Amino acid sequence: MTGVRYRELRLPSAEDPLSLMARLARSGLFEQYVVYENGPEWSFAGGVLTDLRLDADTCRTAGPAAVENWLAELPVRGWRVYGWAAFEWGAVSAGAGGVAVPGDAADAGVLVHLAVPVGEVRADGEGVLVRAVDEQQLALLARLVRAAPGIPAREPTERVEVRLDDTDGYREAVVAALTTLDGTGPLEKVILSRQVPVPVPLDLVATYVAGRRANTPARSFLVRLGQAHAAGFSPETVAEVTADRLVVSRPLAGTRARTGEPAEDARLRAELLGDPKEIHEHAISVKLALEDLAAVCEETWVAEYLTVQERGTVQHLASTVMGRLRPDRTPWQAFAALFPAVTATGIPKAPAYPLIRRLEGRPRGLYAGAVLTYDTDGTLDAALVLRTVFQRDGHGLLQAGAGIVRQSRPDREHEETCEKLRSVAAHLVPLVSPAPRTAAPPAPGPAKIPAQEEGASDTVAP
């Protein structure tokens, strides 16, 4: 360790955190960034001071130790790591065969990408904490925070229309899955998804703002890191680990639409709570989540069972499962035990991986993976990547799935994917060239770790 610390500056702010995050993302100060909303705190992580990219071979040979070793050698104190994990990381880590990995020519085969940012801005609606590893970056970020416009910027009103009824053979895939579920194998449930292309390039920052204002997510994120470029409104977390080693997962399984009409939504809620298929699907998901926790926890329990959570255009059956992390296990190992989320994979997970790959016909990549933060005090928070729009090769892509059990009906499962897709599809903002940017000071050259002696001040006065 070099003794490098983040310099910090606390500022007041009357700007709402979502607008601030969008301005920072648009500023052009950093080519790569992550925005992450966790309850009242919104974080912007800009630039890459140091990062870790794990491919399939490293994941197979090193396992969680690859991440633990990297964290132990980080060249800065007081870090918070931001990053993502592709769905296929779970399959590769479990040793599942026949699973292709995602990638492109620039960043092929990366399954986990974690980064320590050059600078951070954390806002909670009452104040703003600005952090950077050198004074120049700190001053640039502080200037951006202080530059809040007197009149809020107008949000684009134009939206992209997307056809959601293009199934791409989804009903046939559900039928094939039901054939497998009716066989003699151990599989009780599999989550099958389908993709919907967006025909034009998107303004992802504006889409994030519009989508967040209309949704009620558990977490939200805007990611431009390595091969991941996405905006999401996650309905649930894969894993939450507190500084005192409490591990929490909040599986959602069982779905009905939200129409905006109170009487109809109440009727659908009652229907959801009384549907044997949906309750069975939820119960077996909670059971597997407890089994995953038991692998790393000394005790586990269900803190909340079979409630209903409203998430954008849908409502879900929800439960909360918890455990106390064993002394010989780390927060990253807890996340690895719960990943991928049981509500995005299958029951059991191992036989679900090859079936998903065969019936979907392509790697999922970030979809059904996680976007996460991990702090030096052991706090970890990982959002499940659902209700997300992805930007690939200049075009947008939506993806949604449904849990298939023996009682499933192909038409209903297809309709469920449409209900979920509407949470994002109604808020897609087309890109207007050139994309608007907030005026900002010229960006400095590549970040370098500054020479800093032990005991030097890590705080700059306003």
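Reading the values: the criteria
- Residues numbered from 1 in each chain as written.
- Predicted model: local features only at pLDDT ≥ 70, side-chain atom pairs only at ≥ 80, totals over all residues.
- Heavy atoms only, no water.
- Helix = DSSP H or I, 4+ residues; strand = E, 2+ residues; numbered from the N terminus.
- Buried < 20%, exposed > 50% of the residue type's maximum accessible area, 1.4 Å probe, protein only.
- Contact = heavy atoms within 4.5 Å.
- Areas by Shrake-Rupley, 256 points an atom, 1.4 Å probe, with all protein chains shown as cover.
- Pairing = 2+ DSSP bridges.
- Polar contact = N/O pair within 3.5 Å; in protein donor to acceptor, adjacent residues only side chain to side chain.
- Axes fitted to C-alpha atoms, helices over the stretch in contact; angles between N-to-C directions.
- Parallel < 35°, antiparallel > 145°, perpendicular 65-115°, else oblique.
- Left-handed = near helix turned anticlockwise from the far one by under 90°.
- Phe/Tyr/Trp six-rings, centres within 6.5 Å; stacked < 30°, edge-to-face > 60°.
- Lys NZ or Arg CZ within 6 Å of the ring centre and 35° of its normal.
- pLDDT = per-residue confidence, 0-100.
- Expected span 1.5 Å × (residues − 1).
- Arc of directions from axis to C-beta.

Novice: Can you tell me about the overall build of the protein chain, naming the residues and giving the values?
Specialist: Secondary structure summary: the protein chain contains twelve helices and 21 strands in total. Counting the 462 residues in the protein chain, one finds 56% classified as buried. By sequence separation, contacts in the protein chain at least 24 residues apart represent 76% of the contacts at least 6 residues apart. In the structure as shown, the protein chain presents an accessible area of about 18500 Å², 52% of it carried by carbon and sulfur atoms.

Novice: Which residues make up the sheet that holds strand E2 (residues 33-38), and what are the values?
Specialist: Here we have eleven strands laid out as an open sheet, ordered E1-E8-E7-E3-E2-E10-E11-E20-E21-E9-E17, and antiparallel in their pairing. Here the strands that pair on one side only, and so sit at the sheet edges, are strand E1 (7-12) and strand E17 (346-347). Relative to strand E8 (residues 127-132), strand E7 (residues 119-123) runs antiparallel, the two sharing five bridges. Pairing of Glu120 across the sheet is with Arg131, part of E8.

Novice: Provide a residue-level description of the pairing of strand E5 (residues 80-85), including the pertinent values.
Specialist: Within E5, six of the six residues are buried, which leaves it mostly tucked inside the rest of the structure. The two faces of E5 match: Arg80, Tyr82 and Trp84 on one face and Val81, Gly83 and Ala85 on the other face are all buried. With four bridges joining them, E5 and strand E6 (residues 110-116) adopt antiparallel strand pairing. Note on E6: the bridge partner recorded for Tyr82 is Ala115.

Novice: Outline the side chain of Ser234, supporting the account with residue identities and numerical values.
Specialist: The residue Ser234 is located in strand E11 (residues 228-234) in this model. Given a relative accessible area of 0%, Ser234 falls into the buried group. Here Leu384 takes part through its backbone oxygen, which lies 2.7 Å from a polar atom of the side chain of Ser234. If we ignore the near neighbours within four places in the chain, the residues touching Ser234 are Pro217, Ala218, Arg219, Phe221, Ala383, Leu384 and Leu386.

Novice: Pulling in residues and values, what's your account of the packing of helix H6 (residues 170-181) against helix H11 (residues 349-360)?
Specialist: With their axes 10 Å apart at the nearest point, H6 and H11 run at an angle of 150 degrees to one another. In terms of their interaxial angle, H6 and H11 are classed as roughly antiparallel. By crossing handedness, the relation of H6 to H11 is classed as right-handed. Contacts from Ala173, Ala176, Ala177 and Thr180 of H6 reach H11 at Leu355, Arg358 and Leu359.

Novice: If you had to explain the environment of Gln32 to someone new, which residues and values would you point to?
Specialist: Inspection of the secondary structure puts Gln32 in the loop between helix H1 (17-26) and E2. When the C-alpha atoms of Gln32 and Ala45 are compared, they prove to be 8.6 Å apart, with 13 residues separating the residues in sequence. In this structure, Gln32 is in contact with Ala45, Gly46, Gly47, Val48, Arg224, Leu225 and Gly226, ignoring residues within four places of it in sequence. Among the polar contacts listed, one links the side chain of Gln32 to the backbone nitrogen of Gly226, at a separation of 2.7 Å.

Novice: I'd like to hear about the packing of aromatic side chains, residue by residue, with values.
Specialist: In the structure shown here, the tally under the stated rule is eleven aromatic pairs. Ring geometry for Phe30 and Phe44: centres 6.2 Å apart, planes at 45 degrees, overall tilted. You can see Phe30 sitting in the loop between H1 and E2 and its partner Phe44 sitting in strand E3 (residues 41-46), a full 14 residues away along the chain. Like Phe30, the residue Phe44 is buried in the burial classification. Measuring from centroid to centroid gives 5.7 Å for Trp89 and Trp332, while their planes differ by 40 degrees, and the two rings are tilted. You can see Trp89 sitting in helix H4 (residues 87-93) and its partner Trp332 sitting in helix H10 (residues 331-338), a full 243 residues away along the chain. Here Trp89 falls in the buried class, since its relative accessible area comes to 6%. Following the ring pairs from residue to residue traces out a cluster consisting of Trp79, Trp89, Trp332, Phe335, Phe339 and Tyr374. We note Arg131 situated over the ring of Tyr6; from NZ or CZ to the ring centre the distance is 4.2 Å.

Novice: I'd like to hear about the confidence of the model for the protein chain, residue by residue, with values.
Specialist: Mean pLDDT over the protein chain works out to 88, with 89% of the residues at or above the 70 mark. Here residues 103-107 is a poorly scored stretch, pLDDT under 50, and it has seven contacts once near neighbours within four places are set aside; other chains count. In the model, residues 435-462 has pLDDT below 50 throughout and makes 53 contacts with residues more than four positions away in sequence or in other chains.

Novice: Quick one: what's the story with the side chain of Glu281, residue by residue and with numbers?
Specialist: Along the chain, Glu281 falls in helix H9 (residues 276-294). The contacts of Glu281, once residues within four sequence positions are left out, are Lys189, Ala253, Gly254, Gly403 and Val405.

Novice: Describe helix H8 (residues 262-273), naming the residues involved and giving the relevant values.
Specialist: Taking 1.5 Å per residue as the helical rise, H8 with its twelve residues ought to reach 16 Å, and the 16 Å between its terminal C-alpha atoms agrees with that figure. Listed as buried for H8 are Asp265, Leu268 and Leu272. With its buried residues spanning 60 degrees around the axis, H8 presents them on a single face. Exposed positions of H8 whose direction lies more than 90 degrees from the buried face are Pro262 and Ala263. Elements that come into contact with the buried residues of H8 comprise strand E14 (252-257), H9 and strand E16 (314-325).

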